[in-house]
Amino acid sequence: MNQENTDNSLLKIRNVVREYILPRQRLFSSVKRFRALDGVSLTVNFGESVGIVGESGCGKSTLARTVLALEAPQSGKISFKGEILHTLKAKKLRRMRSGLQMIFQDPYGSLDPRQSVENIVAEPLSLLGEMTFKKRSEMVAEALTNVGLSPNDTVKFPHEFSGGQRQRIAIARALITRPALIVADEPVSALDVSVQAQVLNLMMDLRDNYGLAYLFISHDLNIVRHMTTKVAVMYAGRIVEQGSTQTLFDHAQHPYTRALLEAVPSTDPSKKKRNIGKNYVSIMSGSNIENIYENGCVFASRCPVVEDKCKNFSPVLQNFQASTSARFDNNTQEIHHKVACYKPYDELVKT
Amino acid sequence: MSLLTVKNLTVSTEHQSGSINILDNINFNLERGTSLGVVGESGCGKSMMALAIMGLLPDNMTASGEVQFGGNLLCLPEKELCQIRGNRISMVFQEPMSTLNPLLPIGFQVAESLRLHKNFSRHQSQQHASKVLDRVGLQSHKYSRSLYPHQLSGGQRQRVVIAIAMACGPELIIADEPTTALDVTIQAQILDLIAELVFEENMSLILITHNLGIVAENTDQMLVMYAGNIVESGPTKNVFEKLVHPYTRGLFSSIPNSRVPNTGKGLQSKYSQINRLPTIPGRVPEFWERSKGCSFVDRCPRAQANCSSKFPELIQLGTAHSTTCFFPYE
C-alpha cells in the first residue's frame with residue numbers, strides 16, 4: 001500500500017500467519033497444520049471502513065480474532081496505533097484494548113441474559129480504570145442515546161428487546177470506550193432486512209460523528225459495497241484481491257472475486273434464468289475449500305481458468321496495472337488494486 | 001390447470017389474550033410447472049403457511065379454509081396425508097444438518113421415501129436413489145452412497161436433501177429458505193440446481209425466502225407477506241417494477257442495492273443523504289398487538305385515518321397483480 005509510510009494508518013497487518021495444529025490421525029503420524037491465515041497484509045486508516053469478504057472457512061473470523069489480540073500470530077506483525085499488539089505486556093495490552101472493540105454476529109448470543117443493560121454496556125469501562133458510579137451511569141446513558149435507545153432502558157434485560165435493538169445495545173457496548181477501530185463480524189446477518197438498514201445507517205452515522213474505523217466482515221457483497229471504501233477478498237487464508245470498493249466491484253480481476261460477484265442474486269427480475277453453465281460460478285468445480293495444491297495457487301482446484309503454472313507456483317499479490325481497455329476515474333485507484341492471479345480477467349478478455 | 005389452490009387459509013392459536021390469527025385469509029393459486037416466491041421478514045408467517053399446506057402444524061394451532069391439491073388437504077385424515085407428503089408434495093428445509101439423520105448413510109436416506117411410497121424393493125430403491133443422487137450432482141464414483149452426512153460439506157448436504165425431496169418425482173416442491181445456511185457461491189449453485197430440476201421435471205415450486213434477489217431471479221409469481229397477511233401478489237416482474245404496497249417498497253429500498261451504483265463519493269465525505277439507506281421505522285407488531293385495521297399502519301408513510309379502523313380489501317391492478325392497501329403507489 002502506498003500509505004505505508006504515512007502516519008494515517010491506524011491498523012497495520014503485515015504478513016500475518018496463523019496456524020492451527022490439527023489432531024493426529026494416528027499415534028506416530030506427523031502433526032498436520034492448518035493455515036487459517038497465510039501471509040495476510042492489510043492497512044486500515046483512521047476513519048476508514050475496510051471490508052473483508054469470502055466464504056465460510058476462508059479465515060475472516062480468524063483475522064478478526066488476531067486483530068483483537070485474542071490470538072497471537074505465528075509470524076508477521078499487527079500494529080495498532082504504532083504498538084505491536086501481541087508483544088505487549090498484559091497490563092499495557094489491556095489498556096490498548098479500549099481502542100479496539102468488536103460487534104458480533106448474533107445479538108441473541110452476545111448479550112448475557114442475566115445482566116441488565118447497564119452492566120452489559122458498562123462492562124468495557126473497566127478497561128479505563130477506576131471511575132465513579134455517577135460518571136459510569138452518565139457514560140452508559142450517553143452511549144445508549146447515541147445508538148437510539150432511551151437512557152431509561154438501563155434497568156431492562158436483553159430479553160425485553162427485539163433483535164435490532166439488541167444489536168444496538170451491542171454497538172453501544174462497543175462504543176462506550178470511544179474506540180478508534182471496531183471489528184464488526186457479520187453485524188447484520190442475523191437481522192431482518194428492514195432492521196438491517198437501520199443498524200447499517202446507525203453504524204455509518206457513528207463513523208461520521210466519532211471518526212470510527214471499521215473492519216467490516218461480511219459475506220453479503222451488497223452490504224460491503226454500501227459500507228466500505230476498501231475491500232479485501234479472502235480465499236483459504238490468503239487475500240486474493242484487494243482494492244478500493246468501487247474498483248473491485250466494477251473491475252474485478254481475480255476469477256474468485258468474479259465468481260462471488262456473479263453469485264449475488266440480483267434484484268432485477270429481467271436478469272432471471274442465469275445462463276447456466278456459462279458463468280464463473282457454475283463452472284467453478286467442486287465446493288471443497290480443503291482441496292488445495294501444496295505449492296500452487298489456493299484457488300487452483302476450483303478455478304475455471306486454471307493452468308499448469310497455477311498448480312505449481314503460487315501467484316503473489318501484486319499491483320494490478322489496468323490495461324487500456326479498463327477505464328478508471330482517477331489514477332490513484334490503480335495503486336490500491338492488487339491481484340494474486342496469473343490470468344486476471346482483463347488479460348483473459350484480451351486473448 | 002392449477003395444481004394448488006389455497007383459499008381463505010387461516011391459522012389460529014390460543015394466547016393469553018384469546019384466539020389470535022397467525023395467518024389471516026391467505027389466497028393464492030399455483031399453476032403446474034410454475035414457481036412461486038414468498039418473501040417477508042421473520043415472523044410474518046411464511047413458514048407457517050408451508051407447514052399448514054403440508055399438514056404439519058404444531059398441535060396448538062388450527063387451520064381453516066381450503067388447500068386444494070386434488071382434494072382439500074386440510075380435511076384429509078393423517079393416513080392419506082402421509083401418502084402425499086414426500087411423494088406428491090415434498091419439502092426442502094433450511095438447515096441440511098438437522099434435516100438429515102446423522103446415523104444413516106445418504107444412499108439409505110434417499111431410498112427410504114422410495115420404499116415407503118413406491119413399494120420398491122431394497123435393491124431397486126438403492127439403485128434408483130443412486131440415480132437421483134447422480135442427478136443432483138453427487139456422482140457415485142466420487143461420492144459413495146455409504147457416506148454419512150457429517151462427511152459432506154454444507155452444499156453437498158443440501159444436495160442430498162434435494163435428492164430426498166425429488167426422489168419420488170413430486171408435483172410440488174416447497175423450499176423453505178433452502179440456501180440461508182450456505183455461502184453465496186454455493187447458494188448460486190443450489191438455486192441453479194433447483195431451477196434446472198423444476199424446469200426439466202415440470203414440477204411446481206414454492207420458494208420461501210427473505211432474500212428479494214433470490215425471488216427475482218428464480219420465480220414467476222410472488223407473494224409479499226407481512227404479519228400474517230399477503231400484502232401484495234402478482235407476477236414477479238410486475239411486483240418488482242411497480243412496488244405498489246408501501247411495505248414492499250420499503251423492504252425493497254432498504255436493501256443496499258447493486259442497481260444504484262455506489263460512487264464511493266458519499267463515503268469519503270459524510271454519510272450523505274444520497275447514500276443513506278431508507279428504512280422502515282418501527283418494528284413488526286406482535287400477533288397480540290394487531291388491530292382490526294391494516295397491520296402495517298403504524299409503520300406506513302401513507303397511512304390515513306381509515307387505515308387503522310378497517311382492513312383493506314384486495315384490489316386488482318391488472319394482470320393478476322393485486323394488493324391489500326387503500327392507498328397503493330401508482
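Predicted, not measured: the structure shown is a model, and the values here were computed from it.

All right, on to the sheet that holds strand β1 (residues 9-21) of chain A then. Residue and element names in this part refer to chain A. Taken in spatial order, the four strands line up as β2-β1-β4-β5 in an open sheet, and their pairing is antiparallel. Because the sheet does not close on itself, it has two edges, and the strands there are β2 (33-45) and β5 (83-84). Two strands pair when backbone bridges link them, and strand β4 (residues 75-80) and β5 are joined in this way by two bridges, in the antiparallel orientation. Residue pairing for β5: S79 is matched across the bridge by I84.

As a further point, take the environment of T247(A). Along the chain, T247(A) falls in helix α8 (residues 245-250). Along the primary structure T247(A) and T229(A) are separated by 18 residues, whereas in three dimensions their C-alpha atoms are 9.9 Å apart.

Glancing now at unusual backbone geometry. Phi at A69(A) takes a positive value of approximately 60 degrees, unusual for a residue other than glycine. With respect to the helices, strands and loops of the structure, A69(A) is situated in the loop between α1 (60-67) and β4. Judged by C-beta crowding, with 20 C-beta atoms within 10 Å, A69(A) ranks as buried. In this structure, N202(B) takes a positive phi of about 55 degrees despite not being glycine. Its 10 C-beta neighbours within 10 Å are what place N202(B) among the exposed residues.

Before going further, it helps to spend a moment on the environment of S309(B). Residue and element names in this part refer to chain B. One can find S309 in the loop between α11 (265-268) and β11 (314-316). On the neighbour-count criterion, S309 (11 C-beta atoms within 10 Å) is exposed. Spatially, the C-alpha atom of S309 lies 7.8 Å from that of C294, the residues being 15 residues apart in sequence.

The next subject is the confidence of the model for chain A. All names here are of chain A. Residues with a pLDDT of 70 or more make up 88% of chain A, whose mean pLDDT is 83. Mean pLDDT per element in chain A: helix α12 (residues 332-336) is the minimum at 54, and helix α3 (residues 117-122) is the maximum at 94. Low confidence marks residues 1-5, where pLDDT is under 50. Its contacts with residues over four positions away, or in another chain, come to seven contacts. In the model, residues 329-334 has pLDDT below 50 throughout and makes five contacts with residues more than four positions away in sequence or in other chains.

Of all nine residues that make up helix α9 (residues 255-263) of chain A, eight are buried, and the element is covered over most of its length. Of all the positions in α9(A), only P255(A), Y256(A), T257(A), R258(A), A259(A), L260(A), L261(A) and A263(A) are classed as buried.

The rules behind each value
Residues numbered from 1 in each chain as written. Chains lettered and ligands numbered in written order. Predicted model: local features only at pLDDT ≥ 70, side-chain atom pairs only at ≥ 80, totals over all residues. Pairing = 2+ DSSP bridges. Helix = DSSP H or I, 4+ residues; strand = E, 2+ residues; numbered from the N terminus. Buried ≥ 20, exposed ≤ 12 C-beta atoms within 10 Å, placed from the backbone. pLDDT = per-residue confidence, 0-100. Contact = placed C-beta atoms within 7 Å.

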